[in-house]
Amino acid sequence: MLEMTEVSVYYESNGEKHHAAGPITLQVANSETCAIIGPSGCGKTSLLRVMAGVQNNFTGRVRIDGNDLKPALHRIAYIPQNSGLLGWKTIRNNCLLPVKIRKLPLDREVYLRLREITRRMEIEDILDRYPSQVSGGQLQRAAVARSLMIKPDLLLMDEPFSALDTLTREYAQNMLRCVLRDFKATAVLVTHSIEEAVFLADRVIVLSASPGKIIADITTLSSEYEDRSAVRYTKLAAIIRQLIKEEWEGYGEEKSNSVC
Amino acid sequence: MKKKVTVYAEGMLIINLIWYVIHLIFQTRIIPDPIRVYRSFYLFFQEGMLWHISISLWRIFAGVIIALLLGAIIGYKMAVSEMWNKILNPLVFFTYPVPKTALLPVIMTIFGLGGASKIILITMIIIFQIIITVRDSVVGIDKECIYNIRSMGASPGQILYHVVIPDIIPGILTSLRVTIGSALSILFFCEAYGTSWGMGYYILDAWTRIDYISMYKGIIVLSSVGIALFFLIDILEQKIVKWR
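Given the structure is predicted, the values throughout are model-derived calculations rather than measurements.

Engineer: What's the story with the interface of chain A and chain B in this structure? I'm lost.
Structural biologist: Listed as interface residues are 27 residues of chain A and, on the opposing side, 18 residues of chain B. Both sides together, the interface formed by chain A and chain B hides about 2,000 Å², and carbon and sulfur atoms give 57% of it. It is Val 54, Trp 88 and Ile 101 of chain A in chain A that bury the most area against chain B; as a group they hold 35% of the surface buried on that side. Connecting chain A to chain B are one salt bridge. In this structure, the salt-bridge partner of Glu 144 of chain B is Arg 49 of chain A, at a minimum N-O distance of 2.7 Å. Taken together, chain A and chain B are joined by 10 residue pairs in polar contact (both at pLDDT 80 or more). The set of elements that each furnish at least two residues to the side of chain A that touches chain B consists of helix H1 (44-52), strand S6 (76-79) and helix H2 (91-101) of chain A.

Engineer: Would you mind showing me how to read the UniProt feature "domain: ABC transmembrane type-1" (unreviewed entry) in chain B here?
Structural biologist: Taking the UniProt record as the reference, the feature "domain: ABC transmembrane type-1" (unreviewed entry) is found at residues 53-237 of chain B. End-to-end, the C-alpha atoms of residues 53-237 of chain B are 24 Å apart, and along that stretch the chain is 84% helix and 0% strand.

Engineer: Can you walk me through the side chain of Lys 89 of chain A in this structure?
Structural biologist: Inspection of the secondary structure assignment puts Lys 89 of chain A in the loop between S6 and H2. Buried charge without a partner: Lys 89 of chain A forms no salt bridge, and the closest opposite charge is Asp 167 of chain B, 12 Å away. Engagement of the side chain of Lys 89 of chain A in a polar contact is seen with the side chain of His 162 of chain B, the distance being 3.1 Å.

Engineer: Quick question: what am I supposed to make of helix H8 (residues 156-190) of chain B here?
Structural biologist: Given a rise of 1.5 Å per residue, 35 residues ought to cover 51 Å, yet the end C-alpha atoms of H8 of chain B are separated by just 41 Å, more than 12% below that figure. The principal kink in H8 of chain B, of about 40 degrees, is found at Val 164 of chain B, preceding the proline Pro 166 of chain B by one to four residues.

Engineer: Is there a simple way to explain the UniProt feature "transmembrane region" (unreviewed entry) in chain B in this structure?
Structural biologist: All names here are of chain B. If you check UniProt for "transmembrane region" (unreviewed entry), the listed places come out as residues 12-31, 51-76, 88-113, 119-138, 186-204 and 216-236 in our numbering. Between the C-alpha atoms that bound residues 51-76 the distance is 37 Å, and the span itself is 100% helix and 0% strand. Taken as a whole, residues 186-204 contains 58% helix and 0% strand, while its terminal C-alpha atoms sit 13 Å from one another.

Engineer: I tried to follow the sheet that holds strand S5 (residues 67-68) of chain A on my own but got confused; where do I start?
Structural biologist: Within a sheet, adjacent strands bond to each other through the backbone by hydrogen bonds, running parallel or antiparallel. Residue and element names in this part refer to chain A. A sheet is described by the order of its strands in space; here four strands give the open sequence S2-S1-S4-S5, paired in antiparallel fashion. This sheet does not close on itself; its edge strands, each paired only once, are strand S2 (16-28) and S5. Of the pairings in the sheet, the one linking strand S4 (residues 58-64) to S5 comprises two bridges and is antiparallel in character. Residue pairing across strands places Arg 63 opposite Asp 68, the latter belonging to S5. Against the sheet, H1 makes contact with strand S1 (2-13), S2 and S4, and its axis sits at roughly 120 degrees relative to S1, the strand it touches most.

Engineer: Just to check I follow, could you spell out the pairing of S1 of chain A for this structure?
Structural biologist: Regular strands have side chains that alternate between both faces of the sheet. All names here are of chain A. Across nine bridges, S1 lies against S2 in antiparallel orientation. Residue pairing in the sheet places Glu 3 in a bridge with Gln 27 of S2. Between S1 and S2, which pair antiparallel and follow one another directly, the connecting turn spans two residues, one of which, Asn 14, has a positive phi of 50 degrees. Two strands pair when backbone bridges link them, and S1 and S4 are joined in this way by six bridges, in the antiparallel orientation.

Engineer: Help me out: how do you make sense of unusual backbone geometry in this one?
Structural biologist: For residues besides glycine, phi is generally negative; the peptide bonds are generally trans as well. Of note, the phi angle at Ser 83 of chain A is positive, near 80 degrees, even though the residue is not glycine. The buried category is assigned to Ser 83 of chain A, whose relative accessible area is 2%. At Ile 210 of chain B, a residue that is not glycine, the phi angle is positive and equals roughly 55 degrees. The residue Ile 210 of chain B is located in the loop between helix H9 (199-208) and helix H10 (212-240) in this model.

Engineer: Explanation requested: the packing of aromatic side chains in the structure shown.
Structural biologist: The geometry of an aromatic ring pair is captured by two quantities: the separation of the ring centres and the angle between the planes. Scanning all chains against the criterion turns up eight aromatic pairs over all chains. Judged by centre distance (6.1 Å) and plane angle (20 degrees), the ring pair of Tyr 38 of chain B and Phe 41 of chain B falls under stacked. Classification of Tyr 38 of chain B as partly exposed rests on a relative accessible area of 32%. Connected via pairs of aromatic rings, a cluster forms that spans Trp 19, Tyr 38, Phe 41 and Tyr 216 of chain B. Positioned over the ring face of Phe 199 of chain A is Arg 177 of chain A, at 4.4 Å from the centre of the ring.

The rules behind the values
- Residues numbered from 1 in each chain as written.
- Chains lettered and ligands numbered in written order.
- Predicted model: local features only at pLDDT ≥ 70, side-chain atom pairs only at ≥ 80, totals over all residues.
- Heavy atoms only, no water.
- Contact = heavy atoms within 4.5 Å.
- Buried area = accessible area lost by both parts, 1.4 Å probe.
- Salt bridge = Lys/Arg side-chain N within 4 Å of Asp/Glu carboxyl O.
- Polar contact = N/O pair within 3.5 Å; in protein donor to acceptor, adjacent residues only side chain to side chain.
- Helix = DSSP H or I, 4+ residues; strand = E, 2+ residues; numbered from the N terminus.
- UniProt positions renumbered as here; feature names shortened; annotations may be inferred.
- Buried < 20%, exposed > 50% of the residue type's maximum accessible area, 1.4 Å probe, protein only.
- Lys, Arg positive; Asp, Glu negative; His and termini not counted.
- Expected span 1.5 Å × (residues − 1).
- Bend = angle between axes of the 7 residues up to and from the residue.
- Pairing = 2+ DSSP bridges.
- Axes fitted to C-alpha atoms, helices over the stretch in contact; angles between N-to-C directions.
- Phe/Tyr/Trp six-rings, centres within 6.5 Å; stacked < 30°, edge-to-face > 60°.
- Lys NZ or Arg CZ within 6 Å of the ring centre and 35° of its normal.

See the structure below:
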């Protein structure tokens, strides 16, 4: 279980300290998928980096299964917006990187897992290609495959499909949804898309404008419907959209339109 | 690679044709018949040419290796430490445009007439390009890639090995390609003093003896060494930078 207690994130600009988000108290249960949505600049990505253990300017406490978060101790997989795959490694070597970083043996079990995950993500044919030689959709699926290689305690995704076209995005979302369920991964997803949040996550956390605070914590029961056009799914998306509109009224039309 | 070899071969053929035409027009000893020059290559081994080439190559490789090691460390330090950047940045930018050949007398006075002063001068020519390339490459590394690998629990050494070094290698190879030509010119200049070995010495010695055939032979060999070094960098790039 991920526990964030009174977490506030800061960033420095021109020597001044700015409050980006918080205080935020949040719990994500094991095998749960939680989506965070909020207006641009409300500190969603900073919050995700705190969960990844790579953001230093924050106060509060982050724990996983009762222990203070440490990337060297916990298995964390963080997928940034640009996939984070290293351009000089083949997709295969990118997928094996977390195993090498943790100095785990590259044994038969690892290669079987690689085969299973890449088959599920439908990237087994591109393993020997470099990231510059594959499509955007394949790149994001490879990033997800890499993150699952170490059976992560926590999978963090920062707008993983934002750069994809609608059809590719829906295809990748369907695949991710199945994989998250099958691998029982605990995941936190930052997105600008309400539909994506409702479709992929068990819970949707809505943040206020900067500094981002939790204004709504909505259970989606997404596992109960498979079809994107299910009435409950579209109704829930509409409710969240209305809530956001009301909350962000006055924040600025341009910025509230950034969530769509 | 085949295409490049063809381009070089075509270039060499054109240059030799121009040379031959000029020789035919002027009919002077200063521009000898290229065929006579190429025929004189049968003396290649007797004249100790291999030893001259080896000495020159050793000076270049030593200069390149020192410049690479020092330049990479200084450039990296400048990129990751604001304090080091503040100290070294003015120094690098002030000394970068200074013509290093002007420092030859100073370097020879301090380090003597032997090989050390020649290697130091070559190092000084290459190092600035390496420092600037490494610093800019490290500064330009996508922060998300660093966050990504740090979240996996990577140590600073692992970040260096998996992210920083592969990221700066293409830039370093490009810098080497740019600077190797300058290094060869300076080597030629340096080998005029305090040595009786090296391609520069061979060419200048033949010139003072008014042995134009040997002089041109030396120029051809030195040019071939330069082309071979360019090919070496190309091969290294093909073997190492496979992702481009």
